[in-house]
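Inside the fold
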Amino acid sequence: MKATVIYLHIMSSCLMVGATLSKTDAKKMQKVQEPEVSHAELSVLERGLVVSDPQWKDIVKEEKRYCSPIKRTFQGPVLGYITPWNSHGYDITKMFGSKLTSVSPVWLQLRRRGPESFHVTGVHDHDPGWVKAVRKSNKKIRMVPRVLFDGWSYQDYKSVLENEDEIEELGSELVDVAKTEGFDGFTLELWSQLGGNMRKELVHLIKHICETLKAKKLDCILVIPPAVTSSGQPGMFDREEFEQLAPVVDGFSLMTYDYSNSGRPGPSSPLPWIKECVLTLSPNTKWRQKILLGLNLYGMDFSTQGAEPILGGRYLEILKELRPKLLWDEHAAEHYFSFKRGNSKHIVYYPTLKSVHQRIILATELGTGVSLWELGQGLDYFYDLL
């Protein structure tokens, strides 16, 4: 999920904004039309904004304008993540709660204190007032906080995976927390922590956890890595494991993003790769509706100095400053633009209405749901498409 990394980059990006804009640049930006925040009677599709050749000024002007009344158009399940360090995500969830089926706040960590002893931390981030407001916007929404298996050593995993009493106690701890806090289940993030090791044992553990939760009418969602790596090799989670877990897991949050890196700049989530990842796990449609195709709402700024995530606010600042021409990568179905600052060359990939729409179309065609990492990182008018 790269939550911690993205947070650090957000902070550094905020510090960089003032440093990278000259006084002349600031004067230019003052002349740029500020975004309109009024509601629109028509959706972004009806307003002709979902195009392969968007203008930077239209993005800046329109990104706060979304169709009201808010109506859901995508029929599959939609899971949205929020993080405590991004307050806009909390606002977005209340605004567009009717378009979501589940929300996964990144609040919780499961720690092992010793033999058959577990403790869930992070409960202090639980905001009952906000949860109440979200449920008011959508009475059917499911609150399924992410639980990160945090601070576990390899020996911790080994001790738990090889002991039924440990597994039993772990499941009981999660049920107790859900009852106490009023959660509807959990989103489990543990598969990637072992780097592809002990996969058979992990399947057994997850089966038990999900069965324990489901017995108490609680949801169990599992975060899974891509089934195919960016180099075309098999990933750490395959069809066999998917089919073993599908009967008990309510949803698979598939991390179909972070395809490129600083060593190989490029798109975050090429459309053909997303499709390959889904079909590798589920070549037939029996359990495919449980896959939540991952959509990144952040972008990446690649430069000769490295790569850093870029969120909506910073993206808009760059558009106002540079007024770039956005180019459409037909194969990946993503927009990008390039610029040079000093001796450093940059290429920025960031979601647009067109790229998000293409992925929602793909999810509809494949019969999957979607998962959004993360609410509040993108532009507000993206949610018109859901």
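Use the structure listed above.
What you see as residue numbers is a count from 1 along each chain, following the sequence as written. Local features in this predicted model are restricted to residues of pLDDT 70 or higher, and side-chain atom pairs are both shown and tallied only at a pLDDT of 80 or more, whereas totals for entire chains, interfaces and linings draw on every residue. Note: side-chain values were computed over all heavy atoms of the structure, leaving out hydrogens and water.

**Describing the sheet that holds strand 14 (residues 334–341)**
A pair of strands is treated as paired once DSSP finds two or more bridges between them. Only DSSP runs of H or I covering at least 4 residues are called helices, and only runs of E covering at least 2 are called strands; the numbering of each starts at the N terminus. In spatial order, the strands read 12-11-15-14-13; together these 5 strands make up an open sheet with antiparallel pairing. Each end of this open sheet is capped by a strand with a single partner; those strands are strand 12 (306–310) and strand 13 (327–329). The average undirected angle you get between the axes of adjacent strands in this sheet is 30°. Bridge analysis of strand 13 against strand 14 gives 3 bridges, and the strand direction is antiparallel. Looking across to strand 14, one finds that D329 is bridged to E334. Geometry is summarised by axes, namely lines fitted to C-alpha atoms with helices restricted to the contacting stretch, and by angles between N-to-C directions that run from 0 to 180 degrees.

**A look at the packing of aromatic side chains**
Here a Phe, Tyr or Trp ring, Trp counted by its six-membered ring, pairs with any other such ring whose centre lies within 6.5 Å, and the pair is stacked when the planes are under 30 degrees apart, edge-to-face when over 60, and tilted otherwise. A complete count under the given rule lists 20 aromatic pairs for this structure. Considering the side-chain rings of W152 and Y157, the 4.9 Å spacing of their centres and the 45° angle between planes classify their relative orientation as tilted. For the pair formed by W152 and Y157, the shared burial category is buried. Their ring planes at 15° and their centres at 4.0 Å tell us that Y315 and Y350 sit as a pair that is stacked. Separated by 35 residues along the polypeptide, Y315 in helix 11 (residues 312–322) and Y350 in the loop between strand 15 (344–349) and helix 12 (353–366) bring together distant segments of the chain. In this structure an aromatic cluster arises from ring pairing among Y90, W107, W130, F183 and F186. Put simply, a charge is over a ring when the Lys NZ or the Arg CZ is close to the ring centre, within 6 Å, and near the line of the ring normal, within 35 degrees. When the ring centre of W328 is taken as origin, the NZ or CZ atom of K354, which lies over that ring, is 6.0 Å away. Relative accessible area decides the class of each residue, using a 1.4 Å probe on protein chains only: under 20% of the type maximum gives buried, over 50% gives exposed, and in between gives partly exposed.

**Some thoughts on the sheet that holds strand 1 (residues 78–82)**
The 11 strands are arranged 4-3-6-7-8-9-10-16-1-2-5 in an open sheet whose pairing can be described as mixed. With partners counted over all chains shown, the strands left at the sheet margins are strand 4 (117–121) and strand 5 (142–143), one partner each. As paired strands, strand 8 (residues 219–224) and strand 9 (residues 251–254) are joined by 4 bridges and run parallel to one another. For V223, the partnering residue across the bridge sits in strand 9 and is S253. Residue contacts are counted whenever heavy atoms from the two residues lie within 4.5 Å of one another. Against the sheet, helix 7 (residues 164–181) engages strand 3 (108–114), strand 4, strand 6 (146–149) and strand 7 (185–189), with an angle of about 30° to strand 4. Strand contacts of helix 8 (residues 199–215): strand 6, strand 7 and strand 8, with the helix running at about 150° to strand 8, the strand carrying the most contacts.

**Looking at the state of the cysteines**
Throughout, a disulfide means two cysteine sulfur atoms within 2.5 Å of one another. Counted according to the given criterion, the structure contains 1 disulfide. Two residues share a disulfide in this structure: C210 and C220, whose sulfurs sit 2.1 Å from each other. When the S-S torsion is -50°, as for the bridge of C210 with C220, the disulfide is left-handed. Taken as a pair, C210 in helix 8 and C220 in strand 8 lie far apart in primary sequence, 10 residues in all.

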